[in-house]
Every structure is written in structure tokens, then in C-alpha cells.
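Spelled out, the chains give:
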Amino acid sequence: MPEQSDYESALSKGERFFERGNFPLAKRELEVAHRLRPSDEIAEKLRQCEAGIVVQDAKEAAKRGRKLEKKGKLAEALKQFEQAQAAAPEDWLPQKIDQLRQRIGHDAIVATIAHAERLSDWDALLTTYEETLAGPRLSDTERQVFCEKKLLALVRLERYDEARAWAQAHPPIGASACYHLGYARAACGAYLDALNQWLDLPPGNPVLQQQIAALIPLAYHEMNELAASVPADLYDRLLLGTDSKDKMALASFLAHFKLRSIDTLWRQEKYQEVARYMLPLPLRLSLSELGFYAPLLLQLAEEDTDQLQTAISLWLTAIYNTPLLERILARRAVSTLLRLDVLRGALQQELEHLLDRHDREGRLDKRLQRHYQVEKRVIEALAAWDLPHETDLVWPCTPAFAARFGLSKTVLERIEAWRGRDAWDESVLSVAVYFSTSGHSLLLAEAGAVDEALAELPRVVDNDRLGRYCRQRVAWLCGIDRTLAGNAKGKSYFMEALPLLVDFPHYRKELIDIALGESLYKERFTLADAMEWLARQLNDAEFREATATLLCQKANFLIYEDGSKEIYKRLTDQAASLCPNSYLVKDTYIQISRAQHQDQLYKALNKGKLNTAVAVIERSGRDDELIEIFFSALNYCILGLESLNTKSQLLSLRDFLFYTRQVDPNHPINSTITSTIARLEK
Amino acid sequence: MENPFLVLPISILASPSDILREVTLAMRAGRYDAKRVAGVQRILFNPLTRATAEFRYRLDTLSLIAELPSPEISEEASIPPLLDPFGT
């Protein structure tokens, strides 16, 4: 029975251990039971125990693997995980094993790289980088790092072409790699590319600044050799990428780069950017600079009317410059027989189209329009004179251009050298004056700003004929301005302008046209006083007659406006003294006389003094108008008698009849009065 | 007048056949509508309007550059040594 109890005890313990999952102890007990009394059932459980033991061993191995991984013992951990996977494969184990293998490999590479870098062994490094890049599963960031490291190694090994090709396929991002790529480009002779590359790097690095400064002359040389265009922002970046000392030393190179950048900006239509570099205008302008600034200002004036005045002076000066236009024709591919004046006309239209557009859009000041007219007229005249001039002088030029660039004195000297100092006719004076010190005032006056012009007029010295002429012209324009505004205070200005009217008949003609023109009605009468004074100073019959006419017209106007007899009598007397034989003067006298008699007649009729009324009619030479007034007045009087008694009516009617018969015995009113008297007497 | 060189970026020396080639390229590229390209072609084929456009829109920086003093380049000028301003 002891055998029986041993068997049962072992089986019982074995099953208990099996139930708890303790497979080693369950196996030991079940083996005892199986030995004492073998059975298929126990044999099956023994097989299950063995399988369970294997799974448990695998779990233990994985557990040990994790602990070892945490301690950084990657190789031992890998062994444990591999053991676990071999014993009992799990889904996660292959990934873990791969990961560990990579980390072990990466660490080995890192160690190799560190060792090679310590030795500056670029061959070894390059090999390692290439192996790493060829290996599996690098993240994007890691790949970028190793690509850049390979680039560095290639440059360090002076394999510049390979480096450039590698960078072409794998563009670097990091500053160091970009620097090395720049160096590779420089080493291959692509200095401009290299400069661009280095200027993209963060500024302010003193070492890099020195390197850039050393590269600039080479890049300049390449740019000139290849006539290469440069990026629009190159000049700005050059300023950022060089220190102040280098900027000074490299100023002449930088000036060239600046113009190349501007060229690119212009082709990109970044006119404001060009202006940022090139404005304000320099104090002096060469011919080439004129050819540059004129289109620039015109382009700026497309949007900004503040630039329009400068654009006008530069554009007109440029298009009247024959050498500048010839440059354009000379560089054209197809030779034609294009005439300069035709080209000039087309270019002038470009400016006029711009002015018209601003005018249509309500953005063009009238003063600016007038300014343009003056500038155009003056430069046309200068161009037509064909004055001898030095080739380095921008010639001809507009007055505003000359004033801005300090050429006014030179222009006047040229004119004097051409025409001598004396006896300038007005065609010369009216051009030269704009280049004198007073010219600006006249420009203002021409543009309609007469008060500003007066304020700016400089004092005239004795021998300053242009100053005197200018003063007279400004005074003349002020007089005209006041007249057109209906202001009677223009006389003093016309008095100052007298020499102009004495010397140049067209001013007299202009004044006559205004005085007798139909465009002004009452306003032109403000000229009467001034013209009357001028007429006495001028030996000009036509002017005197025109003045007499104006005075008479004013007198006639006043006769019916305010009835101030003294004024219109005085005006007519003035007219008569200027032009005694004028028909209009005679007629005006008749009108005045008639108006005076009418006044007297009305006064007499109002007071009921019919005898006085009849005497006035007689004095007027029996004027038809007065007779008509007389009979009209009596008609009203007769109608007014009806409210009186018969006796009073008869008295008045007999009185009326006495005077009406004196005035006109055949007038129908006589028979009316007679018949009324007869009816009343009945 | 429109800037023709923006639509047809021809060189100063471009001949009528060069212009026609640019016209074809521009049409194919489809950057501008055919009417605009034709308008620009007219400008460039007419000697007067082409000269006007040259004056107005072709900035003559070369003449300005020619007026600048030429910087002197030392015969010893060479690329600077390879350093590493940003460290590796």
C-alpha cells in the first residue's frame, strides 16, 4: 500500500502544481507518478509541462533581455531576446531584436567616426558616411546629417566636382555644409555662386566676413568676364555680409555689384527698389546718369505724381540730348533710317500720355501742366539755336534741370558767348531768363502762382537785364492774373511791365485782345484805368484806339448800371483825348447827353413841371426817345385824372393840351385830350 | 506703351527672326494671352516704337558701369583658405 500512497501523493502534488502553472515541479511529481503507475493521461500532462517550461524559459530570457537593455548591455540583451524568440516566438520580439541590432551598429559607427575625426582621417570618414547612407533604415534627419557629412568629407578631400554634384542631388541645409559647398564652388571657379552661397549664411561671423571679402574681387572678375546677371538682392546681402572695414576697402567693387543688382531689379520691374538705391538724385549728372535717371523717374511718376516735376525735367532733357538718342539707335540690331526728331517726338508723347492720364484721373495740378509747357518751350528753343557747347555738358537742358544740377550759370554763359552781351531780342530773353537767378519766380508766375512769384522775386541790380526783364514779366503776369479775376488793382503791375509793352508789340496786342475780347464781360473793364495810363506812354495808335473803345464801352456799361454821370463823362473824355475822331466816342457822348436829358425830363415830369419838361425836350434837339417818354408820361397822367372832379379835370387837361401841342401838334394824344375836354364840358 | 521686354525678353541685338522665335516660345509657354504677345510683337517690329521702348524700358546700366573706376584686382588674388566658420 505504500506504493499506492506514494503514487497518489505524487499525482496529487503534480496536478496541483500543473493547475498553478508551476510546470517544473509539476513535471517532477508527475514523473514519479508515471514511473509508479504509467498512464497515457500522465504522459500527456508531462508533455504539456515540458512545453510550458520552454515558454516560461523564453519569458525569463526576454525579461533578462529588458533588464540588460536598460543597463546599456545591448549585446547581452540581444542574446537574451534572440534566445526568447528561438524558444517561443512573439510578435514584438523580431522588431526589438532589429532595433537592438541597429543601435549596436550605430554605436559602432559613431565610435568609428569619432575615432576617424580625431585623426582627421577624411578618407575613413567618407567611407563610413557612405556605408551608413547605404545601410538600412536611417530617419530623414539622420540621412540629411550624413549627406552633409559626406559633402564636408568630399570638400576636405578636395573632390570639389563630386561635392557639387552630391550637393546638387542632396542640397545642404546646415551652415557648415553650406559653407563647404560654397568653398567647392569657389574652388571650381564659380566665384559668384560661391559668394551667393556664403552670403546666404547667417551674417556677423567674423571668419566668414573675411572669407567673403577675399572672394569679392574674384566674383567681380567673373561677373565682368561672363557679363553675368546677379540676384537682385546681392548688393544688400554684400553690405550685410561684410564688415565696415572691408566695405571701405572694397567700395569700388561694391559699386559695380550695386549697379548689377539694380539692373536685375529693373528687369523685375521693382522700380521702387531701384529708387531706394539711386535716389535722391546726385548733385551733378553725367550723360549716362541722365540716360539712367530719366526712365527711372518717368517710371516712378507713373504712380507717384510727386515725382512728376522731376520726371518732366529729366525726360525732356534726355530726349533732347542727341548723343543719348544716338546711343539708342547705335545699339539697335537692325539699322534703319529712323530720324532723331521723329524718335524725339515719340518719346515726348510717352511723357504727354502720362500727363494726360494723370489729368484724366484728376491728379495733375494745373500749375504742373503750365510748368511742363514752359520747360518744353525753353528746351525746344535751346535745341533749335544749336549753340556751341562742350561735349561733357548735358545740353540742351530745361530750366528746372539746370537749376537742380547747377548748370544755370553755364547755360547763360553759353548764350552770351553765342549772342554777345547786348541787344538780345525777346526770343533770347524769354529763354535766358529762366536760367537766371530770377528764373524760378517767373516759372512760378507762369504756373499761375503769381503771389508766390512776387514774394520770391530777388532784388534787381542795375546791370541785371534778365532780372529786370523777369520782374517785368512777373508784373505783367500779375496784371493779367488780377484782370482775369476781375480785380481792378492790376494797374500798378502793368505800370511796372511798361518796358515790355514799349519794346515788344505782342504784349500790346495781347492786352488789346483781352480788353476787346468776348471772353470777359465785366472783368475786362478793370483794364480801363491801366490801359488809359499805358496808352499815354505808348506811341501806338492801335493801342490808343483800342483803349478809347474800352473806355467808351465801360462808360456805356456804367450809364445803364449805376447812372454815375461824372464817371462815365470822365471815361468818355479820356477816350476822346486818346482818340478824338473815334465814332464810338462821338456816339458815347450822344448817349451821355441823352441819358442826362432823360434824367432831367423824368425829374420835371415827376414834379409836374411840364414847361420844364418841354424845355428839356427842346434842349435835346427834340430827341425822339424823350418825346416818347413825355407822351407816355402824359398818358398815365390823363388816366389818373378820372378820380378828380370835372372842374379839376378840365383845368389839367387844358394845361396838358397846351404843352402837348408844343411838343408835337400832330400827336394823336392832342385829339384825345380835345375830345375828353368836349365831353366834360357837356 | 507697354514694356515689351517683360513679355518677350529679347536682347538688344535681337533680329526680327529672334523676335519671332521669342514670340513662339511665349505662345507655347502660355504665360501671356495671344493678343498681348501680338501687341508686343508689333512694338518690336516697328523701328520707331522699338527704339522708344529701348529708351524707356531698357535701363542702360552698362554705360553707368563704364563710368565707374575699375577696381584693381591683385594678381595674387585667390580663393581664401578652407576654414569652417560654423564648426563641424
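Residues numbered from 1 in each chain as written. Chains lettered and ligands numbered in written order. Predicted model: local features only at pLDDT ≥ 70, side-chain atom pairs only at ≥ 80, totals over all residues.

(A) Focus on the overall build of chain A. Regarding its fold elements, chain A presents 37 helices and zero strands. Here chain A holds 682 residues, and the buried ones make up 35% of them. Contacts in chain A between residues far apart in sequence, at least 24 positions, make up 53% of those at least 6 positions apart. (Helix = DSSP H or I, 4+ residues; strand = E, 2+ residues; numbered from the N terminus. Buried ≥ 20, exposed ≤ 12 C-beta atoms within 10 Å, placed from the backbone. Contact = placed C-beta atoms within 7 Å.)

(B) Expanded view of the overall build of chain B. A count of helices and strands for chain B gives five helices and zero strands. Per-residue burial for chain B yields a buried fraction of 24% across its 88 residues.

(C) The nonpolar core, seen in detail. Residue and element names in this part refer to chain A. Core analysis: the biggest nonpolar cluster contains 101 residues, and L297, A311, W315 and M531 have the highest contact counts within it. In terms of residues, this core owes the most to one element, helix α26 (residues 465-484), which gives nine residues. Contacts of A311, omitting those with residues within four sequence positions, involve L297, L298, L300 and A301. One finds Y191, L215, M223 and V230 within the second-largest nonpolar core, a separate group that totals 43 residues. (Core = buried A, V, L, I, M, F, W, Y, C linked by C-beta atoms within 7 Å.)

(D) Quick look at the packing of helix α12 (residues 234-241) of chain A against helix α14 (residues 251-267) of chain A. Residue and element names in this part refer to chain A. Following both chains from N to C, one finds α12 and α14 inclined at 145 degrees, their axes separated by 8 Å at the closest point. Two secondary-structure elements touch here, α12 through L234, Y235 and L238 and α14 through L254, F257, K258 and S261. When the residues that make up the contact of α12 with α14 are grouped by side-chain class, the tally is five nonpolar, one polar and one charged. (Axes fitted to C-alpha atoms, helices over the stretch in contact; angles between N-to-C directions. Nonpolar A, V, L, I, M, F, W, Y, C, P; charged D, E, K, R; others polar.)

(E) Seen up close, the interface of chain A and chain B. Tallying the contact residues gives 46 residues for chain A and 36 residues for chain B. For the side of chain A that touches chain B, the elements supplying multiple residues, two or more each, are α9 (175-187), α11 (206-226), α14, α16 (287-301), α18 (322-330) and α19 (340-360) of chain A. Counting residues per element, the side of chain A that touches chain B draws most heavily on α11(A), which supplies nine residues. Taken together, the residues that form the side of chain A that touches chain B break down as 30 nonpolar, ten polar and six charged.

(F) Quick peek at the confidence of the model for chain A. For chain A, the average pLDDT comes to 85, and 95% of its residues sit at 70 or higher. At the low end of the mean pLDDT range in chain A sits helix α5 (residues 93-118) of chain A, at 74; at the high end sits helix α17 (residues 308-319) of chain A, at 96. (pLDDT = per-residue confidence, 0-100.)

(G) Focus on unusual backbone geometry. Residues and elements named next belong to chain A. Looking along the chain, the bond that leaves L279 and enters P280 is cis, with omega of 5 degrees. For P280, the location among the structural elements is in the loop between α15 (271-278) and α16. The omega torsion of the bond from W395 to P396 falls at -5 degrees, within 30 degrees of zero and hence cis. Along the polypeptide, P396 turns up in the loop between α20 (366-385) and α21 (399-404). Its identity as a non-glycine residue notwithstanding, E158 has a phi of 60 degrees, on the positive side. Here E158 falls in the exposed class, since 12 other C-beta atoms lie within 10 Å of it. If you check the backbone angles, E269 has positive phi at about 60 degrees while not being a glycine. The residue E269 is located in the loop between α14 and α15 in this model.

(H) Just the environment of A:R327, in detail. Turning to its location among the elements, A:R327 is positioned in helix α18. Taking the C-alpha atoms as reference points, A:R327 and A:G291, separated by 36 residues in sequence, lie 9.7 Å from one another.

(I) Representation of the packing of helix α2 (residues 16-29) of chain B against helix α3 (residues 34-45) of chain B in the model. Residues and elements named next belong to chain B. Viewed as axis vectors pointing N to C, α2 and α3 meet at an angle of 170 degrees, and their least axial separation amounts to 10 Å. In terms of orientation, α2 lies roughly antiparallel with respect to α3. Contacts between α2 and α3 involve P16, I19, V23, A26 and M27 on the former and, on the latter, A34, V37, Q41, L44 and F45. (Parallel < 35°, antiparallel > 145°, perpendicular 65-115°, else oblique.)

(J) Fine view of the confidence of the model for chain B. All names here are of chain B. Mean pLDDT over chain B works out to 87, with 99% of the residues at or above the 70 mark. Within chain B, α3 carries the highest mean pLDDT (92), whereas helix α5 (residues 61-67) carries the lowest (84). Confidence estimates for the predicted assembly give a pTM of 0.69 and an ipTM of 0.90.

(K) Representation of the environment of B:I79 in the model. Relative to the assigned elements, B:I79 resides in the segment after α5. Taking the C-beta count within 10 Å as the criterion, B:I79 has 17 such neighbours and is therefore assigned partly exposed. In this structure, B:I79 is in contact with A:A186, A:A187, A:L215 and A:L218, ignoring residues within four places of it in sequence.

(L) Inspection of helix α36 (residues 646-663) of chain A at higher detail. Residues and elements named next belong to chain A. Compared with an ideal rise of 1.5 Å per residue, which puts 18 residues at 26 Å, α36 spans 26 Å between its outermost C-alpha atoms and is within 8% of the ideal. Restricting attention to buried positions, one finds in α36 the residues F656, T660 and V663. Angularly, the buried residues of α36 cover 45 degrees about the axis, an arc narrow enough to put them on a single face. α36 presents K647, L651 and R654 as exposed residues on the side facing more than 90 degrees away from its buried surface. For α36, the secondary structure elements touched by its buried residues are α34 (610-619), α35 (624-640) and α37 (668-681). (Expected span 1.5 Å × (residues − 1). Arc of directions from axis to C-beta.)

(M) Representation of the environment of A:E222 in the model. All names here are of chain A. Inspection of the secondary structure puts E222 in helix α11. C-alpha separation for the pair E222 and Y191, spaced 31 residues apart in sequence, amounts to 6.8 Å. Those residues within four positions of E222 in sequence are excluded, and the remaining contacts are Y191, L192 and A228.

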